[in-house]
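A closer look at the structure
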Amino acid sequence: MALSNVLEIPTSGFNFENVARNVALEGLLEGGHTKTPKPMKTGTTIAGLVCKEGVVLGADTRATSGEVVADKMCAKIHYISPNIYCCGAGTAADTEKTTDLLSSNLTIFSMDSGRNPRVVMAVNILQDMLFRYRGQIGASLILGGVDCNGNHLYTVGPYGSIDNVPYLAMGSGDLAALGILEDRFKPNMEMEEAKELVRDAIHSGIMSDLGSGNNIDICVITKQGVDYIRPYQESEYKDKRQKRYKYGPGTTSILTEKIIPLELEVVQETVQRMDTA
Amino acid sequence: MNTRGLRSQLKDSVPVTGMGQHIGAYGVQDTLRSGFSSVKNELLPSHALELSEKNFQLNQDKMNFSTLRNIQGLHAPLKLQMEYRAARQIQRLPFLQSSHLALDTLKGNDESISFEDILNDPAQSEMVGEPHIMVEYKLGLM
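Residues numbered from 1 in each chain as written. Chains lettered and ligands numbered in written order. Predicted model: local features only at pLDDT ≥ 70, side-chain atom pairs only at ≥ 80, totals over all residues. Heavy atoms only, no water.

Residues and elements named next belong to chain A. Look at the UniProt record and you will see "active site" (unreviewed entry) annotated at Thr44. The residue Thr44 is located in the loop between helix 1 (19-31) and strand 2 (46-50) in this model. For Thr44, a relative accessible area of 0% gives the class buried. Discounting residues that sit within four places of it in the chain, Thr44 has contacts with Asp60, Lys76, Ala89, Met170, Gly171, Ser172, Gly173, Asp209, Gly211 and Ser212. In terms of polar contacts, Thr44 uses its side chain to reach the side chain of Lys76, at 3.0 Å. (UniProt positions renumbered as here; feature names shortened; annotations may be inferred. Helix = DSSP H or I, 4+ residues; strand = E, 2+ residues; numbered from the N terminus. Buried < 20%, exposed > 50% of the residue type's maximum accessible area, 1.4 Å probe, protein only. Contact = heavy atoms within 4.5 Å. Polar contact = N/O pair within 3.5 Å; in protein donor to acceptor, adjacent residues only side chain to side chain.)

Written out as structure tokens, the structure is:
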């Protein structure tokens, strides 16, 4: 359909046409009893630390939407490149899409140059992207990876702030997790000790924070490769249902029954052979 | 030849229009889609990012060119801008979808993916402009 009022091709990217409408709708809905749907957040505990042989990242697996648990087995540790993984806290869709974009960009770079990307590249791309949108993209990320310069752990905030630290926790349960990490972290830890420490940190986040829960995922990145253990530890409070909730036939009593037979007469019959050779 | 039209063909400035106005049939505002018309809605951006996103590419270019001028001298941005102008002219008529391949390669957009490539792709646009009007606007005859 050709429109006479379109003078230029619409630009690609974000479209702000519906903002005024949404603001008006919110105003109308607040007066009534209906609420606008809340986006799914990953109110979360994520943690990471640098050990002797590599980087260990950990995350819980609960995703909440308001006061309801939206996903009990959410994957919060995202793949960026063979040597870099990223934990994401904040709005689930934002972390998912941002890490996807980052992964695509780094893949293009790898194909161009034939090298594995460095962690600083990932951090810079993320920082540029998030600062451009002034925090409207609600993604707090922990990036960990091993490259030619060593083992790195970075955090990127939603407004584009970055920090390079040996151990880290983010999300709504970060205070609890950080307490454990501050107490027991030592530089150049052994791999098993590091995994136990991250597990304990996430565990304390799960215990103390409503937004975190269910299982614990651990991702170990070393020069040799990546070990993504999902789940590292399953929650003790699993769904142990006592009965089956399907209704058997005869649960509802039938009061009356009326059968009307449909009379069909054959009007035309054609036979078409299929060649099945 | 109409030189005024030729200059407009090379226009690289964002035309000043209203913010997100749905112009419906007969040239009047589409009340169903954008509510009652008010001067405030027309002039002020409704979202914090609307203005900055509209001019983002322009501002980035300006920043990069001025840095380049400070480092390498005036010739560097001049040469680059000449190449950009030449590459921008390689396109089909306004109402058709052009690939901007040369321009993308010069700017480095062929090696990166951002929200411009995923959201609101003009190739998937549901609306087609009226060919004559779009060409006239592009040439500055309107």
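This part is about unusual backbone geometry. Where the residue is not glycine, phi is negative for most of them; where a peptide bond is considered, it is trans in most cases. Residues and elements named next belong to chain A. Omega for the peptide link from Arg230 to Pro231 comes to 0 degrees, which places this bond in the cis form. Assignment of secondary structure puts Pro231 in strand 13 (residues 226-233). Phi is positive for Arg134, which is not a glycine, with a value near 50 degrees. Mapped onto the elements of the fold, Arg134 is located in the loop between helix 3 (119-132) and strand 8 (139-147). The backbone of Asn214 shows a phi angle near 60 degrees, a positive value even though the residue is not glycine.

Let us look at the pattern of salt bridges. Residues and elements named next belong to chain A. Considering all chains together, one arrives at 11 salt bridges over all chains under this definition. The closest approach of N and O atoms between Asp60 and Lys76, which form a salt bridge, is 3.1 Å. In this pair, Asp60 is assigned in strand 3 (residues 54-60) and Lys76 in the loop between strand 5 (68-71) and strand 6 (77-81), connecting sequence segments 16 residues apart. When sorted by exposure, Asp60 lands in the same class as Lys76, which is buried. Lys186 is the salt-bridge partner of Glu193, the closest N and O atoms lying 2.9 Å from each other. Relative accessible area serves as the criterion here: at 36%, Glu193 is assigned to the partly exposed category. Overlapping salt bridges bring together Arg184, Glu196, Arg199 and Asp200 as one network. (Salt bridge = Lys/Arg side-chain N within 4 Å of Asp/Glu carboxyl O.)

Moving on to the sheet that holds strand 11 (residues 167-170) of chain A. One key point about sheets: their strands pair by backbone hydrogen bonds, in either a parallel or an antiparallel sense. All names here are of chain A. The strand order 11-2-3-12-13 describes an open sheet built from five strands, whose pairing is antiparallel. Of all the strands in the sheet, the pair left with one neighbour each is strand 11 and strand 13. Taken pair by pair, the neighbouring strands of this sheet meet at an average axis angle of 15 degrees, ignoring direction. Against the sheet, helix 4 (residues 174-184) contacts strand 2 and strand 11, and its axis sits at roughly 165 degrees relative to strand 11. (Pairing = 2+ DSSP bridges. Axes fitted to C-alpha atoms, helices over the stretch in contact; angles between N-to-C directions.)

A few words now on the interface of chain A and chain B. With 31 residues of chain A in contact, the opposing surface of chain B contributes 33 residues. Roughly 3,300 Å² of surface becomes buried between chain A and chain B when both sides are summed, with 64% attributable to carbon and sulfur atoms. Summed over the three residues of chain A that lose the most area to chain B, namely Leu7, Phe16 and Arg132 of chain A, the buried surface amounts to 21% of that side. One can count two salt bridges joining chain A with chain B. In this structure, Arg132 of chain A and Glu53 of chain B form a salt bridge, with 3.1 Å as the shortest nitrogen-oxygen distance. Linking chain A with chain B are five residue pairs in polar contact (both at pLDDT 80 or more), by the criterion used here. Mapped onto the side of chain A that touches chain B, the elements with two or more residues apiece are strand 1 (2-3), helix 1, helix 2 (92-113) and helix 3 of chain A. Considering each element in turn, the side of chain A that touches chain B owes the most residues, six residues, to helix 2 of chain A. Across the side of chain A that touches chain B, the residue classes break down as 16 nonpolar, nine polar and six charged. (Buried area = accessible area lost by both parts, 1.4 Å probe. Nonpolar A, V, L, I, M, F, W, Y, C, P; charged D, E, K, R; others polar.)

Right, let's get into the packing of aromatic side chains. The tally for this structure, following the rule as stated, stands at seven aromatic pairs over all chains. A ring pair is formed by Tyr79 of chain A and Tyr85 of chain A, whose centres lie 5.6 Å apart and whose planes are at 80 degrees; its orientation type is edge-to-face. For Tyr79 of chain A, a relative accessible area of 42% corresponds to the partly exposed category. Tyr85 of chain A gets classed as buried once you look at its relative accessible area, which sits at 10%. Relative to Phe115 of chain B, the ring of Tyr133 of chain A has its centre 5.6 Å away and its plane inclined at 80 degrees; by these criteria the two rings are edge-to-face. One end of the pair, Tyr133 of chain A, is in the loop between helix 3 and strand 8; the other, Phe115 of chain B, is in helix 8 (residues 115-118), on a second chain. Taken as a pair, Tyr133 of chain A and Phe115 of chain B share a single burial class, namely buried. Lying across the ring of Phe56 of chain B, Arg132 of chain A places its NZ or CZ 3.7 Å from the centre. One cation-aromatic arrangement involves Arg134 of chain A over Phe131 of chain A; the distance from NZ or CZ to the ring centre is 4.5 Å. (Phe/Tyr/Trp six-rings, centres within 6.5 Å; stacked < 30°, edge-to-face > 60°. Lys NZ or Arg CZ within 6 Å of the ring centre and 35° of its normal.)

This next bit is on the pairing of strand 13 of chain A. Where strand 12 (residues 216-222) of chain A meets strand 13 of chain A, five bridges bridge the pair, whose relative direction is antiparallel. Within strand 13 of chain A, the position partnered with Val220 of chain A by the bridge is Asp227 of chain A.

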